[in-house]
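# Commentary on secondary and tertiary structure
Listed below are the residues making up each chain.
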Protein chains: 2
Amino acid sequence: MAESSGSGLLRLLNGQRIVDALFAAHPSRMSRAGIARATGLSKPTVSALVADFESAGLLRVSEESPSSGTIGRPAALYELVTSARHSVVADIGATKVLVGVSDLFGELVAEHEFTTGPDARTTLDHLAETSTELLRGIAGGCQAVCVGVPGIYRPERDRVEQALNLPGFDDLALSAWLSERFKATIYVENDVNLAALGELASIRDEQTDSDFAAISVGTGIGMGMVVGGDLYRGGTGSAGELGSLLLSAPQSGTTALTLEDVASAPSICKRFGRAIEKGLHSKLDANADVPEIFAAAAAGDEAVSWVLDEAAAAMALAVSHLCLIADPIQIMFGGGVGANPVFVKAVERRLSKLVAAPPKLTASTLGRKAALIGAVSISLRLIHESLVVEMLGDQP
Amino acid sequence: MAESSGSGLLRLLNGQRIVDALFAAHPSRMSRAGIARATGLSKPTVSALVADFESAGLLRVSEESPSSGTIGRPAALYELVTSARHSVVADIGATKVLVGVSDLFGELVAEHEFTTGPDARTTLDHLAETSTELLRGIAGGCQAVCVGVPGIYRPERDRVEQALNLPGFDDLALSAWLSERFKATIYVENDVNLAALGELASIRDEQTDSDFAAISVGTGIGMGMVVGGDLYRGGTGSAGELGSLLLSAPQSGTTALTLEDVASAPSICKRFGRAIEKGLHSKLDANADVPEIFAAAAAGDEAVSWVLDEAAAAMALAVSHLCLIADPIQIMFGGGVGANPVFVKAVERRLSKLVAAPPKLTASTLGRKAALIGAVSISLRLIHESLVVEMLGDQP
DNA sequence: GGAGATTAGTAAGATAGTATTACTAACAAT
DNA sequence: ATTGTTAGTAATACTATCTTACTAATCTCC
């Protein structure tokens, strides 16, 4: 075990700096002299630590192109070993489950998809089988597991709540269950939150980490927020329940409409049907589905544009609240309704009339895989946290 | 200067652990043997560091009660020197400026209040004079300055924006200005945000750090949020602008009411006047002020209860949005309207009908001093960050 | 082809800080 | 007075670092 105060701590800290420098430089490789320059450590110190990392299997000398064209003695270029750590990532959706195995850099080296089972337990059994199958042939197994669930996960009780689409979560200690099957760090998170992380990870090049929101508009409406690079969960873990947001104050007697009553996929279909009954003109059938409705939007269909306008107006109002309260820099829309650029444009148009400096609104580009990619980004963090300690600690 | 990789770093880290242990134990004093037990460091290491801290003036042997009643050799008990560091804190309000000097533990050792001048520059000059006056007799001057301003502070431009009540901020580089006058770390922050920190600090015993909101309802309506112990500012620094929140979607042609149109102090007075004109019954004059209106609320005055109900309903709707988006654990109301328990109770009653699990709502107990106390908590953080480095770095 | 320049990496010794062990100091209880 | 307990110090060893000086390997220029 690593000491926490003596010079062993110093070794860990300096080891972390070296690993950080190598991750920052990825995919370029670095010589030990280069690492010394980048970290400020002395060359002998770097050599000693790199030797330890190499014998622990985290680093190796790159085979190809042993430098060329430069003056001076050619360097031995080191690179991180991609396969030094693996993690299992999964997104348990209402209809499908995505499973993957990610390497040290978050590349998915194996993937699989299966249909969600009748209840949570069967689905999880299937998930466990699939992941051991995907891990076959990977030496060392996995060191981290991150699972997205279609409900609110409460770490203090180790329970998934409000997973309405998938029964059987009520008395299932999910983290404990996973710990029994995987000898790894376990992380469970709401799928919408993971999707927010995933969407952010996919645009991080052009964008700062801070204050990003991803709104999913499909069967239900949910939101994940990333604040300063970390997920924001709120005091009771239920931040971002946008669907229940009231569109106006309830008058005495009447119950007010919620955002979900107007802008979710089922509501849009229902309201379209009612618009037809009320006599609005449309080429479509009264029970058209969301893709059909969106397809007809371009053609200037009367009932369609009325329904979509209402949905966009409601969403714009909700987003205006979000801007005044949380002031995100960018908002990304996903889900069956939200990922449609027509919808995003309509919201954007209306939002500009409600808010002085509206944030950037974009449509999701990742689709279903957003949560899985978010799970990768969490599992990477878990692995990075323990990497150096484990690599340097095992030497006697 | 302290090395960042060599053994000097280790010394700093261990020094920090000792100081942290002493702060955590405050106001009890600790023996060196006790520090060694608490930190896991060895006794000689603790002795060496404590000796350095003592000669730097951060620690001293407590005079009184050199231990008694216990078995064994009596310990020399060490305590932090309260006056080792001082900070200047100020809250520049629209009508008054509060200035104080705080010691190492955040106790205010000097305080002063003066009327806000005609413009920012005059007020700041007055502030600088006052604080040098308050610092007279304090050896070493101040090491940190935290100033609350009635507007949005943008660090990247070093400007205070939207300070509508106090002209002259537009082309004033406030941090730079303060840096010229104080040889100390400077921090400028919105006053509502500081008030949130202050209110949180005053209840921290019973409450976790996380996800606390303070809503100020007075001339305007603003909110400060604390997330995980840190202020939340949003992407452009303007999170918490609750006053502009729309109470309903604007219909074509009409502009919708904002929260400030219904629940701010001026709006309440205006709407009360109109209620009288409309013929609602009241004992009060049509141009009654907020304290009078609240005083009449208990008596069941018709016009008064109509106006306050409307204000509370609007605030409850806004708070319901806040809960669904940010899910705070506790919300504290301050300001001329908000600090009134009658108002808070009314909001609470209405909120319970809008949200399934409403957070705890409370009325501010700090009043005007909230922002000043928040400034103290920021300045303490600034001082703690640099304390050990400065204390151990100055020895050759 | 050889001398010099240039960069990578290693070896040896110095330095700083910590932990361990064993000691002395100071007091209470018996 | 003796014994036991706790606080603190002294001496030494250990760990990990840095510095300095060296060797190694290549390119360039003559």
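Values in this document were obtained by computation on a predicted structure and should not be read as measured data.

## Details of unusual backbone geometry
Residue and element names in this part refer to chain A. Cis rather than trans, the peptide bond between His 26 and Pro 27 has omega equal to 5°. Note on placement: Pro 27 falls in the loop between helix 1 (7–25) and helix 2 (32–39). Positive phi outside glycine occurs at Gln 162, with the angle close to 55°. Looking at where Gln 162 falls in the secondary structure, it is placed in the loop between strand 8 (159–161) and helix 5 (174–181). By C-beta crowding, Gln 162 is classed as partly exposed, having 13 other C-beta atoms within 10 Å.

## Remarks on the relation of the copies chain B and chain A
Superposition of chain B onto chain A requires a rotation of 180° combined with a translation of 0.1 Å along the rotation axis, giving an RMSD of 0.1 Å. The operation mapping one copy onto its partner corresponds to a two-fold rotation axis. Distance from the rotation axis, computed per C-alpha, reaches its smallest value in chain B at Ser 248 of chain B: 2.4 Å. Here 100% of the contact residues of chain B are again contact residues in chain A; the copies associate through an equivalent surface.

## What to know about the interface of chain B and chain A
Interface size, as often reported, equals the accessible area lost upon joining of the parts. Listed by partner, the interface residues are 40 residues for chain B and 40 residues for chain A. At the level of elements, helix 1 (7–25) and helix 10 (302–326) of chain B are the ones that each hand at least two residues to the side of chain B that touches chain A. Broken down by element, the residue count for the side of chain B that touches chain A peaks at eight residues, all from helix 10 of chain B. Of the residues assigned to the side of chain B that touches chain A, the class counts are 22 nonpolar, 15 polar and three charged.

## Considerations on the pairing of strand 5 (residues 108–115) of chain B
All names here are of chain B. Relative to strand 5, strand 4 (residues 96–102) runs antiparallel, the two being bridged by seven bridges. Within the sheet, the bridge partner assigned to Val 101 lies in strand 5 and is Ala 110. Hairpin connection from strand 4 to strand 5: five residues lie between these consecutive antiparallel strands, with Gly 106 at a positive phi of about 85°.

## Some thoughts on the sheet that holds strand 11 (residues 221–227) of chain B
All names here are of chain B. Taken in spatial order, the five strands make up an open sheet running 12-11-10-13-14, and their pairing is mixed. Looking at strand neighbours, the two that pair on one side only are strand 12 (230–232) and strand 14 (360–363), the edges of this open sheet. Sheet twist, expressed as the average angle between the axes of neighbouring strands with direction ignored, equals 25°. Where strand 10 (residues 212–217) lies against strand 11, six bridges are found, and the strand directions are antiparallel. For Ala 214, the partnering residue across the bridge sits in strand 11 and is Gly 224.

## Quick word on the protein's contact with DNA strand D
Near DNA strand D there are 28 residues, and of these Ser 42, Thr 45 and Arg 73 of chain A together with Gly 72 and Arg 73 of chain B occur at the shortest range. Among the secondary structure elements, those contributing two or more residues to the surface near DNA strand D are helix 1 and helix 3 (43–56) of chain A together with helix 2 (32–39) and helix 3 (43–56) of chain B. Among the elements that make up the surface near DNA strand D, the one with the highest residue count is helix 1 of chain A (five residues). Here the surface near DNA strand D is built from residues that sort into eleven nonpolar, twelve polar and five charged.

## Digging into the sheet that holds strand 13 (residues 330–334) of chain A
All names here are of chain A. Ordered in space as 12-11-10-13-14, the five strands form an open sheet in which the pairing is mixed. The sheet terminates laterally at strand 12 (230–232) and strand 14 (360–363), the two strands that pair on one side only. Strand-to-strand twist of the sheet, defined as the mean angle between neighbouring strand axes without regard to direction, takes the value 25°. Strand direction decides the pairing type here: strand 13 and strand 14, joined by four bridges, are parallel. In the sheet register, Ile 331 faces strand 14, and the bridge partner there is Leu 361. In the packing of helix 6 (residues 191–203) onto the sheet, the strands contacted are strand 10 (212–217), strand 11 (221–227), strand 12 and strand 13, and the crossing angle to strand 11 comes to about 50°.

## Some thoughts on the nonpolar core
Val 145 of chain A together with Val 145 of chain B are the most contacted members of the largest nonpolar core, which has 244 residues in total. Excluding residues within four positions of it along the chain, Val 145 of chain B makes contact with Ser 87, Val 88, Leu 178, Phe 182, Ala 184, Ile 186 and Tyr 187 of chain B.

## Looking at the domain arrangement of chain A
In terms of domain boundaries, chain A breaks down into domain 1 (7–80), domain 2 (84–183 + 371–387) and domain 3 (205–365). Between domain 2 of chain A and domain 3 of chain A, the C-alpha centre-to-centre distance is 29 Å.

## Observations concerning helix 6 (residues 191–202) of chain B
Residue and element names in this part refer to chain B. End to end, helix 6 covers 16 Å across twelve residues, agreeing with the expected 16 Å (1.5 Å per residue, within 8%). Among the twelve residues in helix 6, ten count as buried, and that is most of the element. Among the residues of helix 6, those classed as buried are Asp 191, Val 192, Asn 193, Leu 194, Ala 195, Ala 196, Leu 197, Gly 198, Glu 199 and Leu 200.

## Considering the protein's contact with DNA strand C
Around DNA strand C there are 29 residues in total, and Gly 72, Arg 73 and Ala 76 of chain A together with Ser 42 and Arg 73 of chain B lie nearest to it. For the surface near DNA strand C, the per-class residue count stands at eleven nonpolar, 13 polar and five charged.

## Comments concerning the packing of helix 10 of chain B against helix 12 (residues 341–354) of chain B
All names here are of chain B. At a minimum axis separation of 8 Å, helix 10 and helix 12 run at an interaxial angle of 55°. In terms of orientation, helix 10 and helix 12 fall into the oblique class. Crossing of helix 10 over helix 12 shows right-handed handedness. For the pair formed by helix 10 and helix 12, the contact residues are Leu 308, Asp 309, Ala 312, Ala 313, Met 315, Ala 316, Leu 317, Val 319 and Ser 320 on the first element and Phe 343, Ala 346, Val 347, Arg 350, Leu 351 and Leu 354 on the second.

## Considerations on the packing of helix 1 of chain B against helix 13 (residues 370–393) of chain B
Residue and element names in this part refer to chain B. Relative to each other, helix 1 and helix 13 sit at 120°, their axes nearing to 9 Å. Here helix 1 is positioned oblique relative to helix 13, judged by the angle of their axes. With respect to the hand of their crossing, helix 1 and helix 13 are arranged in right-handed fashion. The residues of helix 13 that touch helix 1, namely those facing Arg 11, Leu 12, Gly 15, Gln 16 and Val 19, are Leu 387, Val 388, Val 389 and Leu 392. When the residues that make up the contact of helix 1 with helix 13 are grouped by side-chain class, the tally is six nonpolar, two polar and one charged.

## Some words on the environment of Ile 186 of chain B
For Ile 186 of chain B, the position within the fold is in strand 9 (residues 185–190). Beyond its immediate sequence surroundings of up to four residues, Ile 186 of chain B is in contact with Val 145, Ser 175, Leu 178 and Ser 179 of chain B.

The rules we used
- Residues numbered from 1 in each chain as written.
- Chains lettered and ligands numbered in written order.
- Predicted model: local features only at pLDDT ≥ 70, side-chain atom pairs only at ≥ 80, totals over all residues.
- Helix = DSSP H or I, 4+ residues; strand = E, 2+ residues; numbered from the N terminus.
- Buried ≥ 20, exposed ≤ 12 C-beta atoms within 10 Å, placed from the backbone.
- Least-squares fit on C-alpha atoms with pLDDT ≥ 70 in both.
- Contact = placed C-beta atoms within 7 Å.
- Nonpolar A, V, L, I, M, F, W, Y, C, P; charged D, E, K, R; others polar.
- Pairing = 2+ DSSP bridges.
- Axes fitted to C-alpha atoms, helices over the stretch in contact; angles between N-to-C directions.
- Near = placed C-beta within 6 Å.
- Core = buried A, V, L, I, M, F, W, Y, C linked by C-beta atoms within 7 Å.
- Domains from an automatic or database assignment.
- Expected span 1.5 Å × (residues − 1).
- Parallel < 35°, antiparallel > 145°, perpendicular 65-115°, else oblique.
- Left-handed = near helix turned anticlockwise from the far one by under 90°.

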